[in-house]
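Working through the structure, step by step
Here is how the chains run, residue by residue.
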Amino acid sequence: MAMARVRQKRTTPEECVASLLREIGVAYRRNVRSLPGSPDFANRRRKWVVQVHGCFWHQHTCARGSMPSHNGELWRAKFERNKERDVQAESALSGLGLRVLTVWECETKDRGRLAEKLTAHVL
Ligand SMILES: [Zn+2]
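Below: a short report on this structure. Since we're looking at a predicted model, the values are computed, not measured. (Residues numbered from 1 in each chain as written. Predicted model: local features only at pLDDT ≥ 70, side-chain atom pairs only at ≥ 80, totals over all residues. Heavy atoms only, no water.)

1. Re the packing of aromatic side chains
The geometry of two aromatic rings is summed up by the distance between their centres and the angle between their planes. Counted only if it meets this: Pairing of aromatic side chains requires ring centres within 6.5 Å, counting the rings of Phe and Tyr and the six-membered ring of Trp. Pairs whose planes differ by under 30 degrees are stacked, by over 60 edge-to-face, and all others tilted. The helix count covers DSSP runs of H or I at least four residues long, the strand count covers runs of E at least two residues long, and both are numbered beginning at the N terminus. Burial here depends on accessible area, computed with a 1.4 Å probe over protein chains only, as a share of the maximum for the residue type. Under 20% is buried, over 50% is exposed, and the range in between is partly exposed.
Taken as a whole and assessed by the stated rule, the structure comprises seven aromatic pairs. A centroid spacing of 5.7 Å and a plane angle of 45 degrees characterise the contact between Trp57 and Trp75, whose relative ring orientation is tilted. With Trp57 in the loop between strand 3 (48-53) and helix 3 (72-95) and Trp75 in helix 3, this residue pair connects regions lying 18 residues apart in the sequence. When the ring of Trp75 is compared with that of Phe79, the centres are 5.6 Å apart and the planes differ by 25 degrees; the resulting orientation is stacked. Of the two residues, Trp75 and Phe79 are both situated in helix 3; the distance of four residues between them amounts to about one turn of the helix. On the accessibility criterion, Phe79 (2% relative accessible area) is buried. An aromatic cluster is defined as three or more aromatic residues linked by ring pairs; in this entry it consists of Phe56, Trp57, Trp75 and Phe79.

2. Concerning the coordination of the zinc ion
Stated precisely, the cut-off is as follows: Coordination partners: N, O, S within 2.8 Å of the metal, 3.2 Å for Na, K and Ca; water not considered, so apparent gaps in a site are possible. Irregular is the label for any site that misses the other tests, which are tetrahedral for four donors with all angles between 85 and 135 degrees, and square planar for four donors or octahedral for six when opposite donors exceed 155 degrees and the remaining angles lie between 65 and 115.
For the zinc ion, the full set of protein donor atoms is Cys55 (SG), His60 (ND1), Cys62 (SG) and Cys106 (SG), and the range of their distances to it is 2.0 to 2.4 Å. With four donor atoms in place around the zinc ion and angles of 100 to 118 degrees between them, the coordination shape is tetrahedral. Read in sequence order, the donor residues for the zinc ion give the motif C-x4-H-x1-C-x43-C. Here Cys106 lies in the loop between strand 4 (99-104) and helix 4 (111-122) and Cys62 lies in the loop between strand 3 and helix 3, a separation of 44 residues in the sequence. With relative accessibility at 24%, the residue Cys62 sits in the partly exposed group.

3. Observations concerning the state of the cysteines
Here is the rule we go by: Sulfur atoms of two cysteines make up a disulfide when they are within 2.5 Å.
Tallying each qualifying case throughout the model produces zero disulfides. The thiol of Cys16 is not disulfide-bonded; the next cysteine sulfur, from Cys106, is found 12 Å away.

4. Things to note about the sheet that holds strand 1 (residues 29-30)
For the record, the criterion: Any two strands between which DSSP finds at least two bridges are classified as paired. Residues count as neighbours in contact if any of their non-hydrogen atoms are within 4.5 Å of one another. Whenever a helix is involved, its axis is fitted only over the stretch in contact; in every case the axis is a line through C-alpha atoms, and angles between N-to-C directions fall within 0 to 180 degrees.
The strand order across the open sheet formed by four strands is 1-2-3-4, and the pairing between neighbours is mixed. At either end of the open sheet lies a strand with only one pairing partner, and these are strand 1 and strand 4. Strand direction decides the pairing type here: strand 1 and strand 2 (residues 41-43), joined by two bridges, are antiparallel. What sits directly across from Arg29, in strand 2, is Ala42. Where helix 4 meets the sheet, its contacts fall on strand 3 and strand 4, and the angle it forms with strand 4 comes to roughly 170 degrees.

5. Overview of the packing of helix 2 (residues 13-24) against helix 4
Filter applied, for reference: An angle counts as roughly parallel when it lies under 35 degrees, as roughly antiparallel when it exceeds 145, as roughly perpendicular when it falls between 65 and 115, and as oblique in every other case. By definition, any crossing whose near helix is turned counterclockwise from its far helix by less than a right angle is left-handed, and any crossing with a clockwise turn is right-handed. The nonpolar class holds Ala, Val, Leu, Ile, Met, Phe, Trp, Tyr, Cys and Pro. Asp, Glu, Lys and Arg form the charged class, and all remaining residues, Gly among them, are polar.
In the contact formed by helix 2 and helix 4, the axes pass within 10 Å of each other and the chain directions differ by 60 degrees. When the interaxial angle is binned, helix 2 and helix 4 end up oblique. In the crossing of helix 2 with helix 4, the sense of the turn from one axis to the other is right-handed. Here Cys16, Val17, Ser19, Leu20, Leu21, Glu23 and Ile24 of helix 2 come into contact with helix 4, specifically with Arg111, Leu114, Ala115, Leu118, Thr119 and Val122. The residue inventory of the contact of helix 2 with helix 4, partitioned by class, reads nine nonpolar, two polar and two charged.

6. Some remarks on the pattern of salt bridges
Worth spelling out the cut-off: Salt bridges are counted wherever a side-chain nitrogen of Lys or Arg sits within 4 Å of a carboxyl oxygen of Asp or Glu.
Applying the stated criterion to the full structure yields five salt bridges. One salt bridge in this structure joins Glu105 and Arg64, with 2.6 Å as the shortest N-O distance. Of this pair, Glu105 sits in the loop between strand 4 and helix 4 while Arg64 sits in the loop between strand 3 and helix 3, and the two are 41 residues apart along the sequence. The partly exposed category is assigned to Arg64, whose relative accessible area is 38%.

Functional significance is not addressed by these values, which are geometric in nature.
Shown next, in the form of structure tokens:
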């Protein structure tokens, strides 16, 4: 029984957020394609959206978000596009009256703190 639970426990940042939302006890949908930017988690009735961003791909200002030194220009162009998409999606979501919370991958390391942040956002 204990073994099965260990095996089932997934550790991606998205799974961490999903399990916290379940603990909080709030309903949500995942990968909502009908909303701008297909947010990772959303509850339209309660008017919130949660985006989970990988620190590398979305160039977070933490250690994981550092620019690769090789092929710098190619990466820069790719990261700029990602960032632009993030900004556009966020403003479109806000325009629909949805509150947007961005959870960074590195924040999922501190589960307790993230739980507080999510609770404040979704309740
Ligand atoms: Zn980060």
